[in-house]
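Understanding the architecture of this molecule
Listed here are the chains, written in short residue letters.
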Amino acid sequence: MTPLVSIEHELLGLGYVAEAMHRDYSFADVLNASADTRTVTLAAFTQTPESFRSAAFGVVEGELDSAAAVMANRALGAPIFFSIDKDEVGVWAVGARRAPRLLERVSTSGLAALFARYRDSWTPQALHRAKALGVPRGPVQVDFIDLGLLPAIEREVQHKLHRVMTDVLALLVQSDTSQEREKAAFRLTFRLLSAKILIDREHPAATGWLCDDVAAVLSGIQGYYGLGLFGTDVAAVALDDITAAWARLRRSITLRNISSDSLAFVYENTLVTADTRKLFGTHSTPRPVAEYVLERVDLSRFDPETVRIAEPFAGAGIFLVAALRELREQLPPEWSADKRHQYLVDRMAGAELDAFASEVATLSLILADYPNANGWHIRSTDLFKAGVLAKFLESATVILCNPPFEDFTAEERLAYPEAFAVSPSKGMVALHAAVDTAPEAIGFIMPRGVLQQKQYSQLRTRIAAIYGRVELVSLPDRIFEKATYPCALVIATDRRPADVEKPIRLTVRTVEDAGRERFLAEGTVTSERHMVRPVPSGDLWIGALDAVWSYLEKAPRLGDHANIHRGLQWRSQRSGVLGEPGPLRERGFYKPSDSLSPFQLTNPVWLSTDPTLSHRLGPLARPWDQPKVLINNQRSSRGPWRLAAAADYAGLWASQQFTGIWPTNSYDATILAAILNGPLANAYVTEHSTDHDFTNAMLVSLPLPIKLDNAKLREAVGDYQALLEERARSILQPDDWDDRLNKLLVWIDAIVLNGYGLPPRLEHQLLAYFDGRARPVTHRFGGWLPAKLKGYAPLFEWLTKDHGANRAAWVLDVFKPAPPEENDALARFVG
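Keep in mind it's a predicted model, so treat the numbers as computed, not measured. (Residues numbered from 1 in each chain as written. Predicted model: local features only at pLDDT ≥ 70, side-chain atom pairs only at ≥ 80, totals over all residues. Heavy atoms only, no water.)

Brief notes about the overall build of the protein
In terms of helices and strands, the protein carries 34 helices and 25 strands. For the protein, buried positions account for 52% of its 831 residues. A total of about 36,600 Å² of accessible surface is found on the protein, and carbon and sulfur atoms cover 51% of it. Separation between the mean location of the 90 positive side-chain charges and that of the 100 negative ones in the protein comes to 3 Å. (Helix = DSSP H or I, 4+ residues; strand = E, 2+ residues; numbered from the N terminus. Buried < 20%, exposed > 50% of the residue type's maximum accessible area, 1.4 Å probe, protein only. Areas by Shrake-Rupley, 256 points an atom, 1.4 Å probe, with all protein chains shown as cover. Lys, Arg positive; Asp, Glu negative; His and termini not counted. Charge placed at Lys NZ, Arg CZ, Asp CG, Glu CD.)

Structure representation (structure tokens):
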């Protein structure tokens, strides 16, 4: 028996079926820039249809360099390779980027013993579970599996296919951007992609097609899936354009080894552009976000006989496609494709208002469930009509949703009075409806305000009362490829019995902007915090500096000592900025980015005070001639340094891009500017803002120092501003400018922090919050304390006291060694 035949025999003995084992198997090397087609001697898969996700074993034979041959074929997706060299077989573990690792070499006669040793780890069920879940369930050895291989292949598949699909769509649309032409192009894209899948996978249905005749190919795929509107679509797009698109697709990589759900995600991502979202009402949930939610919900915990997954406001159905894959991975490998298909169809449903969006979701599910036909339940229905959403959700055990974020328009309020009575926010209506149903788990994408804003308090309280585990995830603005709206995840599981009160286990995770790419690639968050709360309430967020805010709970608030108002608002912002003086014009500031930095206001312009141009008249009546502080109305960065403030004593005005703060008592404008430029104020607005804007409701609650040395602080700010002005006037730039300015700024921060009276531990925690973050000042900022300082002293104390003793052997001075006779007596007592 040859080594190859012996390997096939042993694989069959492990449970691999002949239909999932292929000799001379060809696939696209997506890990190579050219994506050439490669062929291995044998490929074995855990289940059909075959793909890199189900690839288990690869075999190469007769290669001069076995390690290089295995490395070249790692895009197959198999974690284990055999290399046959005459009568000797090498066993290799394959990784994403590192060289293959030789586990052992055996003779042909030793193959039976090899497979016997690894039997528990190499069965189809064990390997499939290890690859699919990334975590072994049961006594399965997975040290030979590199869990980075599949994500690496997945990323390359999406990148290469997205480029191809964009080209295909452009050829079908051409310059005609009418709705009917674009819809026809999207449907034809699906048909052409589906046809290539059947052809590349050598499906029996495609064996009789004339592949060079695009009309025959379209007719064949139409007959296979039985889709509607075929004649209309072909009539809307010229045959020459369809032929060109088909030729482009055929020249692209072979789809034989590409997972069906990967194709579905690429199809959806290509279609849902900014223009099509607006044109057809479709919206896109980033695949990594959907997969993260599914991972946290963990469908494996639910009874497979009763689980029902619903996605209202499904858009292009990304949650359903992700859930399809999760459910399918848990099904017995021996189930037939038809049985798996029927199981999945019976347990998943979606609903979407726009008919075309529903169609996109259906086509995505068809692609993800290759080679099965349709049968998916994606309803085109108006979920905001009375009772419709509740009816759709009533039998669901898991509800996944990325609802519309916007508020109801005036017309929609009249059309949906029942929904509007729940909330003016469409997203809140959707989440309330899900909570009303009380399924076993919910996973929602919501505006970031859901984390802390008061308007969501009742909703958070309801969630906490029903579920024993709640996870909140704050996501950065650019997590959506085609939108920048700040959002968050709400994931709730472990539904409580109605009459049982139990503590709630909270998990709060944050993905910062710097960690966005890693989250999208690996699902890794930037930070996480956990807490068990005995009594469910609407306060679910766990801030990084909660201990600081709790300590300052009784501190005075900004709203108690100042009036806070937005700047001038015009109907058209362009009409508010003028190039020269004149009637109804005042000198002031238009854009913070042009005129505001900490402690400095520059570049004033002429602003219109004409009430006929104003959107609101209130700002015109503010006491602009009085001393005040101007701050940016929106955050200036995505990091923790978000706020800049400068005092104005010159009676200048400002646009709505600024907020004006007029002191009323105790604190003058100089003092308030110093406080607002400091680390505590910046940390506060970062932790308490869930949107780009700094709301007045948040600003009024900002804590102020409890006991402040105003005279010392005014002197420090004056010295700092004078040095800034001196540097601006100076022709020569001495080397010590930055050091001098840095020391003065640190001294200002020290005086302000000393006024808060934080314990050393909390002050250290506050300053550590800014580690590695550049401070937006016009000079180098080197931090507050020496980097190698092991202990911690409050900043003010460090700057005003001699710490030489702390660097010496002071312990021996304070704690004197006991005399020898006392040591002996103590030893006898202990002994």
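From this point on, the discussion continues.
Things to note about the environment of Gly387
Among the structural elements, Gly387 can be located in the loop between β9 (377-380) and α17 (388-393). Separated by 31 residues in sequence, Gly387 and Glu418 have C-alpha atoms that sit 8.9 Å apart.

Overview of the environment of Glu522
Examined against the element boundaries, Glu522 turns out to sit in helix α22 (residues 516-522). The class of Glu522 is exposed, set by a relative accessible area of 53%. As for Glu522 and Glu352, which are separated by 170 residues in sequence, their C-alpha atoms are 30 Å apart. Side chain to side chain, Glu522 and Thr524 meet in a polar contact 3.4 Å long. (Polar contact = N/O pair within 3.5 Å; in protein donor to acceptor, adjacent residues only side chain to side chain.)

Looking at the side chain of Thr609
In this fold, Thr609 is placed in the loop between β21 (605-608) and β22 (628-632). In this structure, Thr609 is in contact with Leu568, Leu584, Arg585, Glu586, Leu620 and Trp653, ignoring residues within four places of it in sequence. (Contact = heavy atoms within 4.5 Å.)

Observations concerning the sheet that holds strand β17 (residues 577-578)
Taking strand neighbours across the sheet as the criterion, the four strands line up as β17-β21-β18-β24 in an open arrangement whose pairing is mixed. Across the chains shown, the open sheet's two edge strands, defined by having one partner strand only, are β17 and β24 (653-654). Alignment of strand β18 (residues 585-589) against β21, held across four bridges, turns out to be antiparallel. Directly across from Arg587, in β21, lies its bridge partner Trp606. (Pairing = 2+ DSSP bridges.)

Notes on the sheet that holds β22
Spatial ordering of the open sheet is given by β16-β25-β22-β23, a layout of four strands whose pairing is antiparallel. Where the open sheet ends on each side, the last strands, each with one partner, are β16 (562-566) and β23 (645-648). The average angle at which neighbouring strand axes cross in this sheet is 25 degrees, direction not considered. Bridge count between β22 and strand β25 (residues 658-663): four bridges; the pairing is antiparallel. For Val629, the partnering residue across the bridge sits in β25 and is Ile661. (Axes fitted to C-alpha atoms, helices over the stretch in contact; angles between N-to-C directions.)

Some words on the environment of Leu320
Position of Leu320 relative to the elements: it lies in helix α14 (residues 318-329). A relative accessible area of 1% means that Leu320 is categorised as buried. Discounting chain neighbours no more than four positions away, the residues touching Leu320 are Ile309, Glu311, Met348, Ala349, Gly350, Leu365 and Ile378.

What to know about the nonpolar core
One finds Leu76, Phe81, Leu172, Leu299, Ile309, Val398 and Leu489 to be the most contacted residues of the largest nonpolar core, which totals 113 residues. Considering every element that reaches this core, the biggest residue donor is helix α6 (residues 149-173), with 12 residues. Contact partners of Val398, with chain neighbours within four places excluded, come to Val297, Leu299, Phe302, Val307, Arg308, Ile309, Ala310, Pro439 and Ala441. Core analysis: the next-biggest nonpolar cluster, separate from the first, contains 64 residues, Ala562, Trp641, Leu753 and Leu762 among them. (Core = buried A, V, L, I, M, F, W, Y, C linked by side-chain atoms within 4.5 Å.)

Thoughts on the pattern of salt bridges
One pass over the full model with this rule turns up 36 salt bridges. Here Glu104 ties to Arg117 by a salt bridge, and the two come within 2.5 Å at their closest N and O atoms. Remark: Arg117 occurs in helix α3 (residues 111-117) and Glu104 occurs in strand β6 (residues 101-107); sequence separation between them is 13 residues. According to the relative accessible area criterion, Arg117 is exposed, its value standing at 51%. One salt bridge in this structure joins Lys160 and Glu156, with 2.8 Å as the shortest N-O distance. In this pair, Lys160 and Glu156 are both assigned in helix α6, four residues apart and thus about one turn of the helix distant. Among the ionic contacts, a cluster of salt bridges with common partners joins Arg53, Glu154, Arg287, Glu291 and Arg325. (Salt bridge = Lys/Arg side-chain N within 4 Å of Asp/Glu carboxyl O.)

What to know about the side chain of Thr285
Mapped onto the elements of the fold, Thr285 is located in the loop between α12 (274-280) and α13 (287-297). Classification of Thr285 by relative accessible area gives buried; the value is 3%. A distance of 3.0 Å separates polar atoms of two side chains, one belonging to Thr285 and the other to Asn402.

Some remarks on the packing of aromatic side chains
Applying the stated criterion across every chain, the model contains 28 aromatic pairs. Ring plane angle 70 degrees and centroid distance 5.8 Å describe the contact between Trp335 and Tyr343, whose orientation is recorded as edge-to-face. Using a relative accessible area of 7% as the deciding quantity, one classes Tyr343 as buried. Summarising the aromatic geometry, the rings of Phe384 and Tyr416 are spaced 5.8 Å apart at their centres and angled 50 degrees between planes, so their arrangement reads as tilted. Residue Phe384 is found in the loop between β9 and α17, and its partner Tyr416 is found in the loop between α18 (410-415) and α19 (417-422); the two are separated by 32 residues along the sequence. Aromatic ring contacts, followed pair by pair, group Tyr16, Phe57, Phe82, Phe115, Tyr118 and Trp122 into a single cluster. A cation over an aromatic ring shows up here: Arg301 above the ring of Phe302, its NZ or CZ 5.2 Å from the ring centre. For the cation-ring pair, Arg775 lies above Phe781, with the distance from its terminal atom to the ring centre recorded as 4.8 Å. (Phe/Tyr/Trp six-rings, centres within 6.5 Å; stacked < 30°, edge-to-face > 60°. Lys NZ or Arg CZ within 6 Å of the ring centre and 35° of its normal.)

Considering the pairing of strand β13 (residues 487-495)
Sheet faces and side chains relate simply in a regular strand, where the side chains alternate between the two faces. Summarising burial for β13: seven of the nine residues are buried, a large majority. In terms of strand pairing, strand β11 (residues 441-447) meets β13 through six bridges, oriented antiparallel. Residue pairing in the sheet places Pro447 in a bridge with Cys487 of β13. Of the pairings in the sheet, the one linking strand β12 (residues 467-474) to β13 comprises seven bridges and is antiparallel in character. Counted as the bridge partner of Tyr467 is Arg495 from β13.

A closer look at the packing of α6 against helix α10 (residues 239-251)
Running from amino to carboxyl end, α6 crosses α10 at an angle of 170 degrees, the nearest separation of the two axes being 8 Å. Taken together, the axes of α6 and α10 lie roughly antiparallel to each other. Along the contact surface, α6 presents Val164, Met165, Asp167, Val168, Leu171 and Leu172, while α10 presents Asp241, Ile242, Ala244, Ala245, Arg248 and Leu249. Its residues assigned to classes, the contact of α6 with α10 shows nine nonpolar, no polar and three charged. (Parallel < 35°, antiparallel > 145°, perpendicular 65-115°, else oblique. Nonpolar A, V, L, I, M, F, W, Y, C, P; charged D, E, K, R; others polar.)

Considering the confidence of the model for the protein
On average, the protein scores 87 in pLDDT, and the residues at 70 or more come to 91%. Predicted confidence is poor over residues 134-142, with pLDDT under 50, and the contacts of this stretch with residues over four places away or in other chains come to 13 contacts. Scored below 50 in pLDDT, residues 805-812 makes two contacts in the model with residues more than four places away or belonging to other chains. (pLDDT = per-residue confidence, 0-100.)

Side note on α10
When the terminal C-alpha atoms of α10 are compared, their 18 Å separation across 13 residues agrees well with the 18 Å that a helix rising 1.5 Å per residue should span. Listed in full, the buried residues belonging to α10 are Asp241, Ile242, Ala245, Trp246, Arg248 and Leu249. The buried residues of α10 occupy an angular sector of 160 degrees when the element is viewed end-on, so they sit on one face. Away from its buried face, by an angle of more than 90 degrees, α10 presents the exposed residues Asp240 and Arg251. (Expected span 1.5 Å × (residues − 1). Arc of directions from axis to C-beta.)

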